[in-house]
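# Overview (structure and organization)
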Amino acid sequence: MKSRVAVVTLAVCTALAPLSGCGGNTSAQEPSPSSGAPTTAAASRTPAPGKGSKDPDDLNGDGHRDLVVPVFVGRGENFAADERIGVVYGSAKGLDPSTRAVYGRGDLGLPAPGKQLLAPKNSVAATDVTTADLDGDGFPDFVTTVPGTIAEDDNVIAPRTVPYITWGGSSAKSSATPVQLPQSATKLGIQSVVRGDFDGDGHHDLAGLAYNHSSLVVMYGPFTRSGAPARTDTSLPWADGELIADAIDPSGAPRATSLLLHAVSDGEQSGNTLYTARRGSQLSSSGKQLRSGNAHAFGDFDGDGQRDVAVGDDGSRNDEPGYETEPAEVDGSLAVYPGDGGASVTYRLPEAPGSARTPYGPGGYVSADPDGDGRDGILVATYEGATLLDGTRRTTVLRDGPGREDGKKIPAKWRHARPAGAADFDGDGKDELVLNWGADARFGTYGERPTRWWITDGTTHTNKATFTTTDFAPRSS
């Protein structure tokens, strides 16, 4: 069984059962669906906790995959949004929007953020959260990056940023546990924290970039309940950017997950460095330089049983002199780097209508296997929805938001939903696709603050579940 990305912006997710309260192509295009308004059951039910699972996306350990989504409180007009973490639980029939939970900072036992930050007191951003079963008890744990007070290390001054673990399972603590960082990173902490199994031993690991620029920090599991990793590697070089990790196999089968370092970008397509993983060994000490591109996805795209990585153009262009230009080998294409180390294969992306182009692009890539044939396709965001690239086959996947929301007219170019993830939520061996949309201008521009969600029946126009996260939000902070 292959791993699947279950959410956008936060890698994949976890839950805490004890918490309460809260080339030549053949066309296979589907007709544009009548999306309608997503519906959500008025009442929510809390699922019974299971006996534990090896699936890092099975939040309550009952054998069914779950989905974590951001939930915004109020209109979110201010820059600092009041946000919560929402969990939509799975069942034998797939995701059930009426079975859900919402967690704030207090629910997760997190310390208050630094006083210089303007976030509401109970807010916790999805972009600050990743998940992993760090102690191996079968119940995934929330790992939340918390910025604290301003600190200084040599020439770097920044909020000290530390990952905190909110333990899953029946023995969860009332307060979260700080991760014990290596001495070289203790003064300022780490950022861009991701999960993985970087040595393929079946234990979940964490990686992050040291805020003081000293190194890339890899912490190998299992972790103790005091937050200490089994061992730590600080030999990999630091670089300014973000980390993207391959997904952990949901079956629990040990599989080494490679790590991609995407260089810092303010709109131009920037570089990528791949640190390959092998079972029984730590991440490679020398990174492989890949092509430029702001969109990424890990998967088995050639069906040979090995993990590949796709890197390509996400359509964004830096609005400076020379904007709207990229080298010919980057513009409008993606490249798949095979896991066997062979030559990369380049694919052209769908052409964007000139009237729909924006300087920020339509979104990124998602790995998905909606037909269950064992070979992943790449779900690519476009200015008209999404397109699944599966070998030479291309299939459009369309969902649209409404023409008006909150009394405001939504520009046509901002109505299309974006791909947010894919997973086999109902256990039939085929992935459902996750798309989302939001009325906020920040969604149309950057893909931020989604509120409507579609869980599709593969690439068809049928939905297996739809919901609106505004229905999840508590009445006040």
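Residues numbered from 1 in each chain as written. Predicted model: local features only at pLDDT ≥ 70, side-chain atom pairs only at ≥ 80, totals over all residues. Heavy atoms only, no water.

### Comments concerning the sheet that holds strand E16 (residues 288-290)
Selection rule: Two strands qualify as a pair provided DSSP detects at least 2 bridges between them. Only DSSP runs of H or I with at least four residues qualify as helices, and only runs of E with at least two residues qualify as strands; both kinds are numbered from the N terminus onward. Axis definition: a line fitted to C-alpha atoms, over the contacting stretch in the case of helices. Angles run 0 to 180 degrees between N-to-C directions.
Taken in spatial order, the four strands of this open sheet run E13-E14-E15-E16, and their pairing is antiparallel. Each of the sheet's edge strands pairs with one partner strand only, and the pair in question is strand E13 (241-245) and E16. Looking at each pair of strands side by side, their axes are set apart by 25 degrees on average, direction ignored. Note that strand E14 (residues 259-263) and strand E15 (residues 272-275) share four bridges and pair antiparallel.

### Here's the deal with the packing of aromatic side chains
Quick reminder of the rule: What counts as a ring pair is set by centres within 6.5 Å for rings of Phe, Tyr and Trp (its six-membered ring), and what kind of pair is set by the plane angle: stacked under 30 degrees, edge-to-face over 60, tilted for all other angles. Each residue's exposure class comes from its accessible area (1.4 Å probe, protein chains only) as a fraction of the maximum for that residue type: buried when under 20%, exposed when over 50%, partly exposed otherwise. Remark: a charge is flagged as sitting over a ring if the NZ atom of Lys or the CZ atom of Arg is within 6 Å of the ring centre and within 35 degrees of the ring normal.
All chains considered together, the criterion is met by four aromatic pairs. When the ring of Tyr360 is compared with that of Tyr446, the centres are 5.0 Å apart and the planes differ by 65 degrees; the resulting orientation is edge-to-face. Here Tyr360 is found in the loop between strand E20 (345-348) and strand E21 (365-368), whereas its partner Tyr446 is found in helix H1 (residues 441-446), with 86 residues between them in sequence. Owing to a relative accessible area of 46%, Tyr446 belongs among the partly exposed residues under this scheme. Plain terms: the ring middles of Phe467 and Phe472 are 5.6 Å apart, the flat faces sit at 15 degrees to each other, and that makes the pair stacked. As far as burial versus exposure is concerned, Phe467 and Phe472 are alike and both buried. Here the aromatic cluster, defined as three or more aromatic residues joined through ring pairs, consists of Trp453, Phe467 and Phe472. Its end group placed over the ring of Tyr220, Arg231 keeps NZ or CZ at 3.9 Å from the ring centre.

### Observations concerning the pattern of salt bridges
Our working definition: For this document, the term salt bridge refers to a Lys or Arg side-chain nitrogen within 4 Å of an Asp or Glu carboxyl oxygen.
Under the counting rule described, the total for this entry stands at 18 salt bridges. Between Asp313 and Arg317 there is a salt bridge; the shortest N-O distance is 2.8 Å. Across the pair, exposure class does not vary: Asp313 and Arg317 are buried alike. In this structure, Lys464 engages Glu432 in a salt bridge whose closest nitrogen and oxygen atoms are separated by 3.9 Å. On the criterion of sequence distance, the pair formed by Lys464 in strand E30 (residues 463-468) and Glu432 in strand E28 (residues 432-437) is long-range, its members being 32 residues apart.

### Looking at the side chain of Glu326
Note the threshold: Two residue types count as positive, namely Lys and Arg, and two as negative, namely Asp and Glu; His and chain ends fall outside the count. The definition of a polar contact used here is a pair of N or O atoms within 3.5 Å, where within protein one atom must be able to donate a hydrogen and the other to accept one, and adjacent residues in sequence count solely through side-chain atom pairs. Pairs of residues are marked as contacts when any of their non-hydrogen atoms sit within 4.5 Å.
You can see Glu326 is positioned in the loop between strand E18 (308-312) and strand E19 (333-337). It is Arg317 that comes nearest to the buried, bridge-free Glu326 among opposite-charge side chains, at 4.4 Å. There is a polar contact of 3.0 Å between the side chain of Glu326 and the backbone nitrogen of Gln269. Setting aside chain neighbours within four positions, we find Glu326 in contact with Glu268, Gln269, Arg317 and Asp331.

### Describing the nonpolar core
To be explicit about the condition: Here, nonpolar core refers to any group of buried Ala, Val, Leu, Ile, Met, Phe, Trp, Tyr and Cys residues whose side-chain atoms link them within 4.5 Å.
In this structure, Leu134, Leu206 and Met219 are the most contacted members of the largest nonpolar core, which totals 32 residues. Of all the secondary-structure elements, those providing two or more residues to this core are strand E3 (83-91), strand E4 (94-103), strand E5 (129-132), strand E6 (141-153), strand E7 (156-166), strand E9 (190-196), strand E10 (205-210) and strand E11 (216-220). Ignoring any residue separated from it by four or fewer positions in sequence, one finds Leu134 in contact with Asp141, Val143, Ile165, Trp167, His204, Leu206, Pro222 and Phe223.

### Focus: the pairing of strand E17 (residues 295-299)
Here E17 lies mainly inside the structure; five of its five residues are buried. Of the two faces of E17, the one lined by Ala295, Ala297 and Gly299 and the one lined by His296 and Phe298 are each fully buried. Pairing analysis gives five bridges linking E17 to E18, with the strands arranged antiparallel. Within the sheet, the bridge partner assigned to Phe298 lies in E18 and is Val309.

### Digging into the environment of Ala253
You can see Ala253 is positioned in the loop between E13 and E14. Judged by its relative accessible area of 37%, Ala253 falls in the partly exposed class. Along the sequence, Ala253 and Asp201 sit 52 residues apart, while their C-alpha atoms lie 9.1 Å from each other.

### Observations concerning unusual backbone geometry
When glycine is set aside, most residues are seen to have a negative phi, and most peptide bonds are trans. In this structure, the amide linkage connecting Gly221 to the following residue, Pro222, adopts the cis form with an omega of 5 degrees. Summarising the element assignment, Pro222 is placed in the loop between E11 and strand E12 (231-236). Positive phi values are uncommon outside glycine, yet Asp406 reaches one of about 55 degrees. With respect to the helices and strands, the residue Asp406 is situated in the loop between strand E25 (404-405) and strand E26 (408-409). The backbone phi angle of Arg449 is positive, close to 60 degrees, even though this residue is not glycine. With respect to the secondary-structure elements, Arg449 resides in the loop between H1 and strand E29 (452-456).

### Some details on the sheet that holds E30
The sheet built from four strands is open, its strands ordered E27-E28-E29-E30 with antiparallel pairing. A single partner strand is all that each edge strand has here, and the edge strands are strand E27 (418-423) and E30. In this sheet, adjacent strand axes meet at a mean angle of 20 degrees when their direction is disregarded. Note that E27 and E28 share five bridges and pair antiparallel. Each residue of the ladder has a partner; that of Pro419, found in E28, is Leu435.

Geometry only, nothing functional implied.
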